[in-house]
Amino acid sequence: MKPMFAKAKTQPVRVIYAEGEDERVLHATQVVLEEKLARPILVGRPSVVEARIKRFGLAIKAGQDFDLINPEDDPRYRSYVQSYIDVAGRHGVTPDAARTVVRTNATVIAALAVVRGEADAMICGVDGRYMSHLRHVREIVGFLPGVSDYAALALMITSKGAYFIADTQVRPNPSAEELAEVAALAAIHVQRFNLKPRIAFVSHSDFGSYDTDSSRKMRRATKLLKQNHPEIEADGEMQGDTALSQAARNLVLPHSKLEGEANILIMPTLDTANVAYQMIKALADALPVGPILIGPSRPAHILTPSVTARGVLNMTAVAAVEAQERAGRQQPTLFG
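Everything quoted here is computed from the prediction, not taken from an experiment. (Residues numbered from 1 in each chain as written. Predicted model: local features only at pLDDT ≥ 70, side-chain atom pairs only at ≥ 80, totals over all residues. Heavy atoms only, no water.)

Taking strand neighbours across the sheet as the criterion, the five strands line up as S3-S2-S1-S4-S11 in an open arrangement whose pairing is parallel. The open sheet has two free edges, formed respectively by strand S3 (67-69) and strand S11 (300-302), since each of these has just one partner strand. This sheet shows a mean twist of 20° between the axes of neighbouring strands, independent of strand direction. Sheet topology places strand S4 (residues 121-124) next to S11; three bridges connect them, and they run parallel. When the bridges of S11 are listed, Met122 appears paired with Ala300. (Pairing = 2+ DSSP bridges. Helix = DSSP H or I, 4+ residues; strand = E, 2+ residues; numbered from the N terminus. Axes fitted to C-alpha atoms, helices over the stretch in contact; angles between N-to-C directions.)

Take a look at the structure:
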């Protein structure tokens, strides 16, 4: 994470936290300020935030060290309601519903702040269900041009290195076309960590050893990625150990286009991706970072309730660097 932290410090951007009253967010906010990683904006009730800062012994103050959006009484309330109607009115959101939601839903407030240009990136998901947050981000933030849907990229930092797994949260059974899209988007994010993307499309099959619907899907996804992005180092379909061992891969396919260990593992379904992620986290005592949401039109990331204060801090750096690149119009591109 050191390269990411170093980049974030070069040009601090505005990061808004939907769950600004949460202890983990408040602890992370103090470190963000100490490290000068970003300019925090919290969504929360002033009295609650102030009381919890005092209870946790933190040395930060709303209005002085960070900005605070009070969902119960903010002068921008009416304009936020109108913004919500403008972006979500065709998703079944009535004016009456919009007025209630903008008072009560912190994720909606944070997403609106980003699309209105009042924040550069958002972080939510510390509390509540992932899919509920995802629904609001979808309807308000939207997608990058040409992207069909979001995907979640989970980073696992282990004693052997850093490995990214997709899609751990969003697409239940993605098509070959979707998997190729996810792989290309994942490669962009991995470059931000000063890593060269090496992609493996993971399967129960090793380069045609099985002929099943799943193996054919992964084979086709590999072909599509190579056609659309020949500059990306990728291969498949292959088994997990083949993806992570050059020696094992040489025994199966000596002339594979993938060199060394894969650092991006594209899984055939959400089940396989999420199970692999959870097992690696537990068995390898790995440090998880993310999930990193890939595909939104602006930097927006949905964490999970198990995240720690350190996890919020790490994702702040990820979101900040992404926002820097967007501001510099360097996104989305691959390899220069």
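There's plenty left to go through after this.
On to the sheet that holds strand S10 (residues 287-294), then. With mixed pairing, the six strands of this open sheet are ordered in space as S8-S7-S9-S6-S5-S10. Where the open sheet ends on each side, the last strands, each with one partner, are strand S8 (233-238) and S10. Between one strand axis and the next, the sheet turns through 20° on average, direction left out of account. Direction of pairing for strand S5 (residues 151-158) relative to S10: antiparallel, over a ladder of six bridges. Of the residues in S10, the one forming a bridge with Leu155 is Val289.

Take the environment of Lys2 next. Tracing the chain through its elements places Lys2 in helix H1 (residues 2-10). Sequence separation between Lys2 and Asp74 is 72 residues, and the spatial gap between their C-alpha atoms is 37 Å.

Further remarks concern the confidence of the model for the protein. Across the protein, the average pLDDT comes to 93, with 97% of residues at or above 70. The low-confidence segment residues 330-336, where pLDDT is below 50, has 20 contacts with residues more than four positions distant or belonging to other chains. (pLDDT = per-residue confidence, 0-100. Contact = heavy atoms within 4.5 Å.)

The N-to-C vectors of H1 and helix H13 (residues 309-327) enclose an angle of 55°; their axes lie 8 Å apart at closest approach. Overall, the two elements H1 and H13 adopt an arrangement that is oblique. Seen along the crossing, H1 lies across H13 with a hand that is left-handed. Contacts between H1 and H13 involve Met4, Phe5, Lys7, Ala8 and Thr10 from the first element and Arg310, Leu313, Asn314, Ala317, Val318, Ala320, Val321 and Gln324 from the second. Classifying every residue of the contact of H1 with H13 gives eight nonpolar, three polar and two charged. (Parallel < 35°, antiparallel > 145°, perpendicular 65-115°, else oblique. Left-handed = near helix turned anticlockwise from the far one by under 90°. Nonpolar A, V, L, I, M, F, W, Y, C, P; charged D, E, K, R; others polar.)

Right, let's talk about a nonpolar patch on the surface for a bit. A contiguous nonpolar surface patch, about 280 Å² in accessible area, is contributed by Leu251, Val252 and Leu253. Relative to the helices and strands, Leu253 resides in the loop between helix H11 (246-252) and strand S9 (264-266). Its relative accessible area of 31% is what places Leu253 among the partly exposed residues. (Patch = residues over 30% accessible without salt bridge, like charges linked within 9 Å, V, L, I, M, F, W, Y side chains within 5 Å. Areas by Shrake-Rupley, 256 points an atom, 1.4 Å probe, with all protein chains shown as cover. Salt bridge = Lys/Arg side-chain N within 4 Å of Asp/Glu carboxyl O. Buried < 20%, exposed > 50% of the residue type's maximum accessible area, 1.4 Å probe, protein only.)

The next point concerns unusual backbone geometry. Of the consecutive residues Ala166 and Asp167, the connecting peptide bond is found in the cis state with omega at -5°. Following Gly236, the chain continues into Glu237 via a peptide bond in cis, with omega recorded as -5°. Looking at where Glu237 falls in the secondary structure, it is placed in strand S8. Positive phi, close to 50°, is recorded for Asp285, a residue that is not glycine. Residue placement: Asp285 occurs in the loop between helix H12 (270-283) and S10.

With that out of the way, let us pick up H1. If you check which residues of H1 are buried, you get Met4, Phe5 and Ala8. Buried residues along H1 cover an arc of 100° about the axis, so they all sit on one side. More than 90 degrees from the buried face of H1, the exposed residues found are Lys2 and Thr10. For H1, the elements touching its buried residues are H13. (Arc of directions from axis to C-beta.)

Here the focus is the pairing of S8. Counting buried residues in S8 gives six out of six residues, a clear majority hidden from the surface. Bridging between strand S7 (residues 198-202) and S8 involves five bridges; their strand directions are parallel. Within the sheet, the bridge partner assigned to Phe201 lies in S8 and is Gly236. Between the parallel elements S7 and S8, the chain passes through helix H9 (residues 213-228) in a crossover that is right-handed. (Right-handed = clockwise from strand over helix to strand, strands pointing away.)

Here we take up helix H3 (residues 46-55). Turning to H3, its buried residues are Val48, Val49 and Ile53. Along the axis of H3, the buried positions cluster into a sector of 130°, meaning they face one direction only. Looking at H3, the residues exposed on the side facing more than 90 degrees away from the buried face are Ser47, Glu50, Lys54 and Arg55. Residues of H3 that are buried sit in contact with helix H2 (23-35) and S3. Trailing H3 by a residue or two, Gly57 shows a phi angle of about 70°, which is positive.

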